[in-house]
Amino acid sequence: MMLTDGHLLDHRRPDAGQRSDALAALFDPTTFRHLERLGVGSGWRCWEVAAGGMSVVSWLAKRAGPTGRVLATGPDTSWAPPAVRPPIQLRVHDVGADEPPAEGFDLVHARFVLAQVPDPGRALRTMVKALRPGGRLLVEDADPTLQPLACPDEHGPEQHLANRVRRAMCDVRAEQGAELAYGRRLPRLLREAGLRRVEADAYFPLASPACGAFEAEAVGQVREQLVAAGRVTEQDLDRHLANAAAGGTDLATAPLISAWGRKA
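Note that the structure is a prediction, hence the values are computed from the model and not measured.

Enquirer: Any chance you could break down the side chain of histidine 240 for me, citing the residues and the numbers?
Expert: Tracing the sequence through the fold places histidine 240 in helix α7 (residues 234-246). On the basis of relative accessibility, which here comes to 1%, the residue histidine 240 falls in the buried class. Of note is the side chain of histidine 240, whose polar atom sits 2.9 Å from the side chain of glutamate 215. The contact partners of histidine 240, leaving out residues within four places of it in the chain, are Leu161, Ala162, Val165, Glu215, Val219 and Leu251.

Enquirer: Got a sec to walk through helix α3 (residues 120-130)? Specific residues and values, please.
Expert: Inspection of α3 places Ala123, Leu124, Thr126, Met127, Val128 and Ala130 among the buried residues, and these make up the whole buried set. The inward-facing, buried residues of α3 abut β3 (45-49), β6 (105-111), β7 (131-142) and α5 (186-192).

Enquirer: Describe the pattern of salt bridges, naming the residues involved and giving the relevant values.
Expert: In a structure, side chains of opposite charge can pair up when their charged atoms sit close to one another. For the structure shown, the criterion picks out 16 salt bridges. A salt bridge links glutamate 99 to lysine 129; the shortest N-O distance between them is 3.1 Å. Here glutamate 99, found in the loop between β5 (88-92) and β6, pairs with lysine 129, found in helix α3; they are 30 residues apart in sequence, far enough to count as distant. Given the relative accessible area of 40%, lysine 129 is considered partly exposed. The partner of arginine 188 in a salt bridge is glutamate 192, with the nearest N and O atoms 3.3 Å apart. Remark: glutamate 192 and arginine 188 occur in helix α5; sequence separation between them is four residues, near one turn of the helix.

Reading the values: the criteria
- Residues numbered from 1 in each chain as written.
- Predicted model: local features only at pLDDT ≥ 70, side-chain atom pairs only at ≥ 80, totals over all residues.
- Heavy atoms only, no water.
- Helix = DSSP H or I, 4+ residues; strand = E, 2+ residues; numbered from the N terminus.
- Buried < 20%, exposed > 50% of the residue type's maximum accessible area, 1.4 Å probe, protein only.
- Polar contact = N/O pair within 3.5 Å; in protein donor to acceptor, adjacent residues only side chain to side chain.
- Contact = heavy atoms within 4.5 Å.
- Salt bridge = Lys/Arg side-chain N within 4 Å of Asp/Glu carboxyl O.

The following block contains the structure:
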């Protein structure tokens, strides 16, 4: 599972592939930019933690080439195609509970993972343990409280409604125990885990067609909870989704915080 914009996204749901496509469209360019900066190349041994789709896994496989290895893990791997070819390998693994699937990785990458596991400290230690000396870790998580608006330019009733729905989503998730401000902590957590040369940045798309698609999927998943909480009505949500589909509300996502460092 992963949480972004305050919404719980479950890879095991029948429509998980659609959400994975939306997330890839929104955030893959940023992830790939960081992976390129870290120097991923031929022969690298890479671990994609809690993968929910093939976009990052396939990118890593092309860079690592036939002499490399890309291990994609998760508590469930039903999102993967029926057959994958080397250098890609699949394995069922729970980073929040299990020991590392192997050690000596040149790269470990996790996107929308740490804030969602019951013990993120343990999960982070597992990732660091899996690295070789000098290996790189890239972790990425959302921080809805840094930029809590669905429409930063709240100039009309459609934008006002979108922001009300977004606030309701975040409130519901916070009441369920979600850590919505986790992303900003990543640089400090990586340093405390012993990594060196730690850096980070933040990115959020605005007015992308994929923002509307992701909003519809995210709202659909928590719709019953929102209405039951009394924060919005069915009519509010129908109107918001129609506005999002029309493409004129300039929707934004929560910021994606990317942090990276090297093992000593």
